[in-house]
Amino acid sequence: MSATEIHAEATDITANARKRYSAGVLKYRQMGYWQPEYEPKDTDVLCLFRISPQDGVDPVEAAAAVAGESSTATWTVVWTDRLTACDSYRAKAYKVEPVPGAPGQFFAWIAYDLILFEEGSIANLTASIIGNVFGFKPLKALRLEDIRIPVAYVKTFKGPPTGLIVERERLDKFGRPLLGATTKPKLGLSGRNYGRVIYEGLKGGLDFMKDDENINSQPFMHWRDRFLYVMDAVNKASAATGEVKGCYLNVTAATMEDMYERADFARELGSVVVMIDLVVGYTAIQSMSNWARRNDMVLHLHRAGHGTYTRQKTHGVSFRVIAKWMRLAGVDHIHAGTAVGKLEGDPLTVQGYYNVCRDSYTRTDLPRGIFFDQDWADLKKVMPVASGGIHAGQMHQLLDLFGDDVILQFGGGTIGHPAGIQAGAVANRVALETMVKARNEGRDIVNEGLDILQQAAKSCTPLKQALDVWKDVTFNYASTDTSDFAVTPDVA
Amino acid sequence: MMTNPVGRITQGQFSFLPDLNDAEISAQIQYGLDKGYSWSVEYTDDPHPRNTFWEMFGMPMFDLRDAAGILMEVNNCRKTFPRHYIRLVAFDATRSIESIAMNFIVNRPENEPGFGLLRQESDGRNMRYTVRSYAGDKPEGERY
């Protein structure tokens, strides 16, 4: 059928109640889920899906099916629809386009009326739009690429408990990225040994140390033991440097009650920050966000588990969508990729994630994977965290890619330093301050970055050692999740 | 003498680098001016990590858009308080920022004794911590 014929048939049935509601099975596009003339409202939630229909399934029908299965539809006609203002409740697929350079894949734009979603609930939002529909048989694969959350819905969320501006004020750290490190080895250190690593890193010049995502309360280190030794190290380092210091104490646990108990203890000991893992789930994240707001605490989110559904381009949920949800749910830090480190992420795509965390208003930006304008309605900003396989020798690239509002986390790149943890911290802090100073002085840090670092290393042995050890370490593998739109060079 | 790697208080953007000379300070001021920030000079002899409110050496210079003029204020402050900590602070009044955008120390006392950590044993193994300045027991103005 031609597009015109599909449209004529869909309109004929949708507009005719007797045909629409006679018992039996209709195509989704005939049930009102395909409305190419629909003008999305400012209050609609808009989603862009990448759909890969099964062979022989028309892309328009597939898009209508996604709209149907993520809102009101079931597989057959039900008369009880007629008891409701059912047209409001139907999601509407309003545009379908082939994905450039990807045969068999289509972008489908779908609009959802605001009445579909409970205020302030990520769980409810996601139960609809990434619910049953992702297992729907007529599709080979389905991916939620981007989402536009209307201001009316944004305002029902409290967002980050602290936000990156207030976090900086509390920490008294401005005008440069923050520095962190994840304690290594991840597993096996006793509380006492663990605290040693924290103390050395913070005294050496880092702002934060971090528990790893799988450090909870295992046989080798009970959580209370970790918290007690860590906070001794944090306070000792604060006195030794005259700076506010912190360690993300991971309070992830089996139940909410356990998490609250751990978080309360962290507060009692004077920690400025607690941490949770994405795997605790959206509802637990929103609960911990409320707890953090009540207790003046920065809330750090490690995105453990996200790679299972964000990485493959044809199926799952893009991380930019997860980042948007987490800003609404209310976390202060989120791991958002490094582009240059050991974990997945091409630079433009990763910048897209950073932008949705930090923008006041995110503009459509196809090369960065941003398909919608998003007004954040003054919602606080999330501090993105770059962590995983980065080192001092990449400082110019990191500063150029991500700017000042980011936490750069050098775990191996601090603790693996040949002269020890303090020396590793010094190398990173000197590299960072040197690069910020050079950038502010107008130097071209992208091209002169290595020279600038080497010059600074002449009077800083730890930096020289770091550059020597890690100079050849790069992770140049093809990204699986890249933009579908090439960057068009500016015509100046 | 503080025992951290640089032997001094490490607040601000550039504490791990050699002290900035006046030309380098001017370059940072100019960067801030180009971004639309307003500069302010603040001083204290109580550099406790949680002492947020240093004394203002005059109002923030909202209307002074000349790096040389701002450096002159820094030098006036240095003359008045040669043994105090002095910092340059840049404010960004953009909606949704409305906070400090840059902050670095431009003057320090020669001798920085730093801070001690007081531990108060509490319930069980709990500990209450206080960061105490070694110079802080003396009255204001006589600490360094």
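Right above here is the structure, for reference.
The notes below deal with the structure included here. On a predicted model such as this, the values are computed, not experimentally measured, just so you know.

About the cut-offs
- Residues numbered from 1 in each chain as written.
- Chains lettered and ligands numbered in written order.
- Predicted model: local features only at pLDDT ≥ 70, side-chain atom pairs only at ≥ 80, totals over all residues.
- Heavy atoms only, no water.
- Helix = DSSP H or I, 4+ residues; strand = E, 2+ residues; numbered from the N terminus.
- Rg over C-alpha atoms; globule rule 2.2 N^0.38 Å.
- Buried < 20%, exposed > 50% of the residue type's maximum accessible area, 1.4 Å probe, protein only.
- Contact = heavy atoms within 4.5 Å.
- Areas by Shrake-Rupley, 256 points an atom, 1.4 Å probe, with all protein chains shown as cover.
- Lys, Arg positive; Asp, Glu negative; His and termini not counted.
- Charge placed at Lys NZ, Arg CZ, Asp CG, Glu CD.
- Polar contact = N/O pair within 3.5 Å; in protein donor to acceptor, adjacent residues only side chain to side chain.
- Core = buried A, V, L, I, M, F, W, Y, C linked by side-chain atoms within 4.5 Å.
- Salt bridge = Lys/Arg side-chain N within 4 Å of Asp/Glu carboxyl O.

Before going further, it helps to spend a moment on the overall build of chain A. A count of helical and extended segments in chain A gives 19 helices and 15 strands. Computed over its C-alpha atoms, the radius of gyration of chain A comes to 25 Å, within 12% of the 23 Å expected for a compact globule of 492 residues. Taken along the three principal axes of its C-alpha coordinates, chain A extends 80 × 55 × 35 Å. When each of the 492 residues of chain A is scored for burial, the buried share is 61%. Here the contacts in chain A between residues at least 6 apart in sequence split such that 75% fall between residues at least 24 apart. When the accessible surface of chain A is totalled, it reaches about 18,600 Å², and 51% of it is carbon and sulfur. Averaged over its 54 positive side-chain charges, chain A has a centre that lies 3 Å from the centre of its 58 negative ones.

Let us look at the side chain of Q105 of chain A. Mapped onto the elements of the fold, Q105 of chain A is located in the loop between strand 2 (92-98) and strand 3 (106-112). In this structure the side chain of Q105 of chain A is engaged in a polar contact, spanning 2.7 Å, whose partner is the side chain of R50 of chain A.

What follows deals with the nonpolar core. Judged by nonpolar contacts, the single largest core of 170 residues is most densely connected at F49, I51, Y112, W325, M326 and L463 of chain A together with L88 of chain B. If one sorts the elements of this core by residue count, helix 17 (residues 421-440) of chain A sits on top with 10 residues. Ranked by size, the runner-up nonpolar core spans 14 residues in total, among them Y248, M275, M383 and V385 of chain A.

Let us look at unusual backbone geometry. Residue and element names in this part refer to chain A. Going from K184 to P185, the amide bond is cis rather than trans, its omega being -5°. The topology assignment puts P185 in the loop between strand 5 (178-182) and helix 8 (191-204). Despite not being glycine, A339 shows a phi value in the positive range, around 65°. Relative to the assigned elements, A339 resides in the loop between strand 11 (333-335) and helix 14 (347-358). Phi at D378 is positive, roughly 65°, even though this residue is not glycine. When you line up the elements, D378 lands in the loop between strand 13 (374-375) and strand 14 (383-387). A relative accessible area of 47% places D378 in the partly exposed class.

All right, on to the interface of chain A and chain B then. Contacts between chain A and chain B engage 42 residues on the former and 42 residues on the latter. Summed over the shared surface of chain A and chain B, the result is 4 salt bridges. The partner of D225 of chain A in a salt bridge is R125 of chain B, with the nearest N and O atoms 2.6 Å apart. Linking chain A with chain B are 21 residue pairs in polar contact (both at pLDDT 80 or more), by the criterion used here.

This part takes up the side chain of R439 of chain A. Locating R439 of chain A in the fold gives a position in helix 17. Given the relative accessible area of 18%, R439 of chain A is considered buried. Once residues within four sequence positions are removed from consideration, R439 of chain A is found in contact with G175, L399, D404 and I445 of chain A together with Y31 of chain B.

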